[in-house]
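# Coordinate analysis (summary)
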Amino acid sequence: MSLPGKLAALMAVSLAAGVLTGDGIAGAEPEPRAAQGIASRGLLSSTPLHAAVMFAGTTDDTMPSGRVPGKESDRTWATTHRFDEYPYMRYEVTFAPGTATSEVTWEGRSVNLDDLAMHVWDEEADSWGEPVATARPDVPGEPVTLSTRIEGVDAAQILVIDSRRRDRSFRDANSEADQQFADPATYDFAIQHITDTQYVSRDNPAVFDSMTRWTADNAADRKIAYSMHTGDLVQSWIRPGAPDTRARPEFEVADQAMSRLEDAGIPHGVLPGNHDNLWNVGGRLIPGEHEKNHALYNEFFGPWRYRDQPYWGGSVTDTDNSAHYDLLDLAGAKFLMLYIGYNPPERVLQWAEDVLAAHPDRNVMIGSHYYLDEDGSLRMSGFGDIGGSAGQQIWNRLVVPFDTVFLVLAGHVDGQTTVTDRKVGDTDRTVVELLADYQNFRVNDRRETGFQRLLQFDLDGGTLAVTTHSPSLNSFRVEDFDPQRRYEPGDGDFVAEVELRADMPRAVIPTA
């Protein structure tokens with residue numbers, strides 16, 4: 001990839017950062033005070049106005065209610081990073097005497113690909129009602145125009161708000177399995193999910209190489225901001241007493257394939273699956289020898305490899321990268337990518353709890369090797385069992401207590417499963433849980449299909465579009481390569497609602 005291409009790919013990490021800093025509005029929103037209104041900006045009329053003042057505010061209503069829907073101040077812009085607040089500008093206008101009809105236009109911008117909605121206060125209904133106009137930018141933070149016709153009144157109240165996206169076109173366009181990726185112009189950024197590459201590391205390195213080469217080549221065009229590998233990088237480091245003569249060449253294959261992402265400047269991380277560990281003769285990991293179990297993995301993918309990267313957060317110890325986290329700003333929102341290796345011991349789970357508690361402003365994606373079974377269930381087992389899942393422990397200790405966790409990715413179990421309706425305590429909170437493991441899918445009776453996923457995020461719309469694709473086969477039809485014929489096209493190509501409960505930038509910035 002050329003240097004401009006690499007830089008374009010990295011721009012996906014902070015698509016909206018400049019929008020929130022360019023006009024000096026990066027600081028915290030001041031405490032609201034009694035607002036008197038200031039001379040309006042961004043509002044134009046086809047007929048003369050007798051007076052026009054504006055107020056900046058935030059409201060917790062997705063659909064604004066009340067003539068003054070929230071806390072207001074005399075500022076020239078409104079912004080928030082709270083997931084449950086929506087910024088707005090409210091205008092009080094008086095038309096010149098004798099005005100029968102006026103075309104009122106607002107010009108300004110938000111951030112990212114957020115759309116803006118214009119409302120006009122209905123005196124008879126005592127309501128803002130449905131929007132009279134909405135607009136979405138073609139590029140992040142681009143100015144938009146909203147217009148409406150006002151007739152038969154000498155004064156009007158106008159509201160421009162950055163609420164949740166009302167336009168459902170992104171969801172509708174990607175809700176059918178159509179064997180193609182989402183249009184990059186319609187989403188904010190994408191995340192790659194890759195897992196269980198063990199057989200291609202052993203049998204056909206060219207397939208593994210094609211997976212990460214595709215990511216590097218398409219990062220700029222597809223807005224791929226990050227890649228997450230959820231374990232089983234290799235096949236042959238699981239049997240007790242086995243020499244490393246088989247496993248080491250496989251780790252070298254994984255090393256070379258993942259290096260393509262480093263060379264392209266794409267933030268990424270890996271974790272060890274059960275095949276990346278060394279087990280004892282009883283088929284168990286040994287408590288107290290966690291780092292010894294991961295010694296070969298850490299030789300190739302230890303903290304030393306990542307700690308100088310700008311997105312690096314930290315690892316469970318200075319020498320063990322079997323659990324770690326990364327910190328990124330994606331489309332101006334703050335994210336934390338938390339990695340939990342296979343069957344973590346108690347001290348790793350405690351470390352993970354501390355990491356999440358220390359970053360309450362970060363939206364969290366968890367990567368774990370064995371989390372879901374194919375039927376969507378979670379299993380509970382103690383540390384050390386070669387056949388055990390940490391799924392229930394991760395759910396109980398990391399997902400449920402921390403509202404910032406919104407997505408969990410996993411492999412290990414052959415197949416694909418999507419869970420979006422698991423009840424989180426007594427709340428209405430939603431978490432998306434995805435299993436996507438294609439290690440036993442076959443082409444010409446060989447386990448080397450090379451399928452991986454692209455997760456495309458429309459933050460304003462709260463929508464995730466998932467596309468499953470094999471670069472080596474140039475195919476989206478993952479179901480055709482399953483020997484058990486378990487799936488329909490929609491199991492690998494679908495949309496899901498995502499709910500971010502931490503940092504979520506929104507803004508209404510009138511044109512000066």
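These numbers come from a predicted model, not from an experiment.

### Re the overall build of the protein chain
Scanning the protein chain from terminus to terminus reveals eleven helices and 25 strands. Per-residue burial over the protein chain gives 58% buried out of 512 residues. Long-range contacts, defined here as pairs at least 24 residues apart, represent 75% of the contacts in the protein chain between residues at least 6 apart. Here the protein chain has roughly 19,800 Å² of accessible surface; of this, 47% comes from carbon and sulfur atoms.

### A look at the sheet that holds strand 15 (residues 312–315)
Spatial strand order, 15-16-17-18-19-21-20: seven strands in an open sheet with mixed pairing. The open sheet terminates on both sides in strands that have one partner only, identified here as strand 15 and strand 20 (415–419). Each strand of the sheet is rotated relative to its neighbour by a mean of 15°, with strand direction disregarded. In terms of strand pairing, strand 20 meets strand 21 (residues 432–437) through five bridges, oriented antiparallel. Looking across to strand 21, one finds that Thr 417 is bridged to Leu 435.

### Let's talk about the side chain of Ser 322
Tracing the backbone through its elements, the reader meets Ser 322 in the loop between strand 15 and strand 16 (323–330). According to the relative accessible area criterion, Ser 322 is buried, its value standing at 2%. A distance of 3.0 Å separates polar atoms of two side chains, one belonging to Ser 322 and the other to Asp 320.

### Concerning the packing of aromatic side chains
The description of an aromatic ring pair rests on the distance of the ring centres and on the angle between the ring planes. Evaluated as defined, the whole model comprises 17 aromatic pairs. Each ring, one from Trp 121 and one from Trp 128, has its centre 5.2 Å from the other, and the planes form 75°; the classification is edge-to-face. Trp 128 carries the same exposure label as Trp 121, and that label is buried. Cluster of aromatic residues (ring-pair linked, three or more members): Tyr 438, Phe 441, Phe 451, Phe 481 and Tyr 487. The side chain of Arg 90 reaches across the aromatic face of Phe 55, ending 4.3 Å from its centre. Directly above the aromatic system of Trp 395 lies the positively charged group of Arg 422, at a separation of 5.4 Å from the ring centroid.

### With respect to the pairing of strand 7 (residues 101–109)
Relative to strand 7, strand 2 (residues 43–45) is paired through three bridges, and the arrangement is antiparallel. Bridged to Ser 45 within strand 7 is Val 104. Bridge analysis of strand 7 against strand 10 (residues 144–151) gives eight bridges, and the strand direction is antiparallel. In the sheet register, Val 104 faces strand 10, and the bridge partner there is Thr 148. Pairing geometry for strand 7 and strand 25 (residues 503–510), over two bridges, is antiparallel.

### So, the pairing of strand 23 (residues 463–469)
The buried fraction of strand 23 is high, at seven of seven residues. Taking every second residue as pointing to the same face, both faces of strand 23 are buried, with Thr 463, Ala 465, Thr 467 and His 469 on one and Leu 464, Val 466 and Thr 468 on the other. Taken together, the seven bridges between strand 22 (residues 452–458) and strand 23 define a ladder with antiparallel strand orientation. Bridging across to strand 23, Leu 454 finds its partner in Thr 467. The hairpin formed by strand 22 and strand 23 contains four residues between the paired strands, and Gly 462 there has a positive phi angle of roughly 60°. Across five bridges, the pairing between strand 23 and strand 24 (residues 493–497) is antiparallel.

### Topic: helix 5 (residues 205–222)
Note that an α-helix has 3.6 residues per turn; residues three or four places apart therefore point the same way. Compared with the 26 Å implied by 1.5 Å per residue over 18 residues, the 24 Å span of helix 5 between its first and last C-alpha is a close match. The largest bend in helix 5 is about 35°, located at Ala 216. Val 207, Phe 208, Asp 209, Ser 210, Met 211, Thr 212, Trp 214, Thr 215, Ala 216, Asn 218 and Ala 219 are the residues of helix 5 that are buried.

### A word on the nonpolar core
Formed by 67 residues in total, the largest nonpolar core has its most connected members in Phe 189, Phe 301, Phe 335, Met 337, Leu 407 and Phe 457. In terms of residues, this core owes the most to one element, helix 6 (residues 247–263), which gives seven residues. Core analysis: the second largest hydrophobic core is formed by 33 residues, Val 316, Leu 378, Val 419 and Leu 435 among them.

### Regarding the packing of helix 5 against helix 6
In the contact formed by helix 5 and helix 6, the axes pass within 8 Å of each other and the chain directions differ by 10°. The orientation of helix 5 with respect to helix 6, classified from their angle, is roughly parallel. The crossing of helix 5 and helix 6 is right-handed. Contacts between helix 5 and helix 6 involve Pro 205, Phe 208, Asp 209, Thr 212, Arg 213, Thr 215 and Ala 216 on the former and, on the latter, Val 253, Ala 254, Ala 257, Met 258, Arg 260 and Leu 261. A per-class count over the contact of helix 5 with helix 6 returns eight nonpolar, two polar and three charged.

Reading the values: the criteria
Residues numbered from 1 in each chain as written. Predicted model: local features only at pLDDT ≥ 70, side-chain atom pairs only at ≥ 80, totals over all residues. Heavy atoms only, no water. Helix = DSSP H or I, 4+ residues; strand = E, 2+ residues; numbered from the N terminus. Buried < 20%, exposed > 50% of the residue type's maximum accessible area, 1.4 Å probe, protein only. Contact = heavy atoms within 4.5 Å. Areas by Shrake-Rupley, 256 points an atom, 1.4 Å probe, with all protein chains shown as cover. Pairing = 2+ DSSP bridges. Axes fitted to C-alpha atoms, helices over the stretch in contact; angles between N-to-C directions. Polar contact = N/O pair within 3.5 Å; in protein donor to acceptor, adjacent residues only side chain to side chain. Phe/Tyr/Trp six-rings, centres within 6.5 Å; stacked < 30°, edge-to-face > 60°. Lys NZ or Arg CZ within 6 Å of the ring centre and 35° of its normal. Expected span 1.5 Å × (residues − 1). Bend = angle between axes of the 7 residues up to and from the residue. Core = buried A, V, L, I, M, F, W, Y, C linked by side-chain atoms within 4.5 Å. Parallel < 35°, antiparallel > 145°, perpendicular 65-115°, else oblique. Left-handed = near helix turned anticlockwise from the far one by under 90°. Nonpolar A, V, L, I, M, F, W, Y, C, P; charged D, E, K, R; others polar.

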